[in-house]
Amino acid sequence: MSQTNDQITEQIKNRRTFAIISHPDAGKTTLTEKFLLYGGAINLAGTVKGRKAAKHAVSDWMEIEKERGISVTSSAMQFNYEGFCINILDTPGHQDFSEDTYRTLMAADSAVMVIDGSKGVEAQTIKLFKVCVMRHIPIFTFINKFDREARDPYELLDEIEEVLGIRTCPVNWPIGCGKNFKGVYDRFTKKVTTFTAAQGGAKEVATQEFDAETNDVESIIGFQYHQQLLDDIELLDGASDELDMDRVQKGDLSPVFFGSALTNFGVEPFLENFLRLTPTPLARVDSLTGETVDPCRDEFSAFIFKIQANMNKAHRDRIAFMRICSGKFERGMEAYHVQEGKNIKLATGTQLMAQDRAIVDEAYAGDIIGLFDPGIFSIGDTLCTGKKKVQFAGIPTFSPEHFARIEQKDTMKRKQFVKGMEQIAQEGAIQIFREVGGGMEEVVVGVVGVLQLEVLEYRLNTEYNVEIRMQQLPFEQLRWIQNDPDTYVLRDLDLTSDTKAVEDMKGNRLLLFTSDWAIRWAETHNETLKLSEFGNI
């Protein structure tokens, strides 16, 4: 049965797509699981590093993620809650994977920033947050772990404002912390919600609501905490920023919530408020015309923001993650692949919860779905239907900061080595360079963070059965050579002895430098040399 335009518009208006960002171990993946628990997508939330039951986080699928208890890839999950269809993008918290996080934020309409109540704003949060600011999307803050000893809430708000440069507006306020955590006060409903911890992560906790002014509250939380709460309410009402939704939408003001993901304190109120305040799918800009593409228009459009190989060991497949920007996706539909310049059939779409996947027959603007990729997609590609073609802006690549020389130990496994390196490079996790005019016997790999080299070695071993030798190189920066490759001879360049000329997989020529001084030398001693910090993406 075909849907009317009004029905499609209603489906799109119910979509909410957001990414969760935080420092490692602030509780991001745990919060994701509690959302899924409330949405009925899972029945038991596995504590991320749970020892008693051998349960791992639902959104961590790679063996290395389960072993270390960290997320190194972004996961996409969907669930329904109170009439909303919610797409969550869980991102890696480690700064070495900030590029993957940036690409994921390109697909999100808003972000949830999780902060550890005992540690405050940590180094990693700053880097990821700046990526959020570059996107100008609404940012909601969840200050986590108030069931443990935490810092003063006023201090935490000041730190967010000073270090991250965004104003805050507390939507709820904690009463006590650690063993004395009594619950939260909602500043807009003027009610106190008291909590008791959920057992074993299984199901929702018992909650009780009281008007803050009544004697019932005092008898439950105690005279001292009640007096403190009344003082806090007075101070907040007089001194904190008002909840101005225009400022929230521009990313200038962050609504703040307090709670504890692990014990379910304040998670559901946060989810309900978040859904009420967060935007419907945002309109994207067509880079060809500069016009916005209405999410509710009839024509389908989408872009690829991530590629992941070998999510299912049994199939050795590649999945291209696609964010739908307008219209409706239907399984088997034809769409125009802008970069390839031809129509392709979108045979199978899948939705993923880490490794588990389900076939999708239809999806709407705001949804994230995985397409099986036979090797035709690249990050940043646009797909669309209709006579008037659209193209979304490409996703910039981060310049690598660490380099290593890599070769396979067993020369008989050359084919697997080349395939593994090329596939992992196509995912955007690493950038590969080789000697100018050379082959793949020995390659130079560039990464944003050192941990990516460990993940590369691990994946080549487990997914492609290839052992490698890795030698760290002293290079710190790279520059693309803009001169015409047919007429400009690299051998004639006057460079420092520690500068290396290489080419990328597309044949673009680059120079690797060990210092800023070496770059300045190259520029001053070669007048016609043109260098660029960004590749031809």
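What counts, and at which threshold
Residues numbered from 1 in each chain as written. Predicted model: local features only at pLDDT ≥ 70, side-chain atom pairs only at ≥ 80, totals over all residues. Heavy atoms only, no water. Helix = DSSP H or I, 4+ residues; strand = E, 2+ residues; numbered from the N terminus. Buried < 20%, exposed > 50% of the residue type's maximum accessible area, 1.4 Å probe, protein only. Contact = heavy atoms within 4.5 Å. Areas by Shrake-Rupley, 256 points an atom, 1.4 Å probe, with all protein chains shown as cover. Axes fitted to C-alpha atoms, helices over the stretch in contact; angles between N-to-C directions. Parallel < 35°, antiparallel > 145°, perpendicular 65-115°, else oblique. Left-handed = near helix turned anticlockwise from the far one by under 90°. Nonpolar A, V, L, I, M, F, W, Y, C, P; charged D, E, K, R; others polar. Polar contact = N/O pair within 3.5 Å; in protein donor to acceptor, adjacent residues only side chain to side chain. Pairing = 2+ DSSP bridges.

Asker: What is the right way to read the overall build of the protein chain from this model?
Answerer: Looking only at helices and strands, the protein chain features 13 helices and 31 strands. Residue burial in the protein chain is summarised as follows: out of 537 residues, 55% are buried. Across the protein chain, the fraction of contacts at a sequence separation of at least 24, relative to all contacts at a separation of at least 6, is 70%. Summed over its atoms, the accessible surface of the protein chain is roughly 23400 Å², and 47% of this surface lies on carbon and sulfur atoms.

Asker: I'm lost on the packing of helix α11 (residues 414-426) against helix α12 (residues 451-464) in this one. Help?
Answerer: Helices that pack against each other are described as a pair by the angle of their axes relative to one another and the distance between those axes. One can describe the packing of α11 onto α12 by two numbers: an axis separation of 10 Å at closest approach and a directional angle of 125°. Comparing the axis directions of α11 and α12 gives the class oblique. You can see that α11 and α12 cross each other, and the crossing is right-handed. Mapping the contact onto sequence places Gln 416, Lys 419, Gly 420, Met 421, Gln 423 and Ile 424 in α11 and Leu 456, Arg 459, Leu 460 and Tyr 464 in α12. For the contact of α11 with α12, a count of residues per class yields five nonpolar, three polar and two charged.

Asker: I keep staring at the side chain of Asp 367 and nothing clicks. Help me out?
Answerer: Inspection of the secondary structure puts Asp 367 in the loop between β21 (362-364) and β22 (368-372). In terms of polar contacts, Asp 367 uses its side chain to reach the side chain of Arg 15, at 2.8 Å.

Asker: I keep staring at the packing of helix α2 (residues 28-38) against helix α10 (residues 267-277) and nothing clicks. Help me out?
Answerer: Relative to each other, α2 and α10 sit at 80°, their axes nearing to 10 Å. By the criterion of interaxial angle, the relationship of α2 to α10 is roughly perpendicular. Only Val 267, Glu 268, Phe 270 and Leu 271 of α10 make contact with α2, whose side of the interface consists of Leu 31, Lys 34, Phe 35 and Tyr 38. Classifying every residue of the contact of α2 with α10 gives six nonpolar, no polar and two charged.

Asker: Got a minute to help me understand the pairing of strand β29 (residues 500-504) in this structure?
Answerer: Looking along a regular strand, one sees the side chains alternate between the two faces of the sheet. Of all the five residues making up β29, four are buried; the element is thus mostly covered by neighbouring parts of the structure. Relative to strand β30 (residues 509-513), β29 runs antiparallel, the two sharing four bridges. Directly across from Lys 500, in β30, lies its bridge partner Leu 512. Between β29 and β30, which pair antiparallel one after the other, the connecting turn spans four residues, and Gly 507 there sits at a positive phi close to 90°.

Asker: How should I be thinking about the environment of Gly 183 in this particular structure?
Answerer: Topologically, Gly 183 is positioned in strand β8 (residues 183-186). Note on Gly 183: relative accessible area 0%, which makes it buried. Once the C-alpha coordinates of Gly 183 and Asn 172 are considered, the two residues, eleven residues apart in sequence, prove to be 10.0 Å apart.

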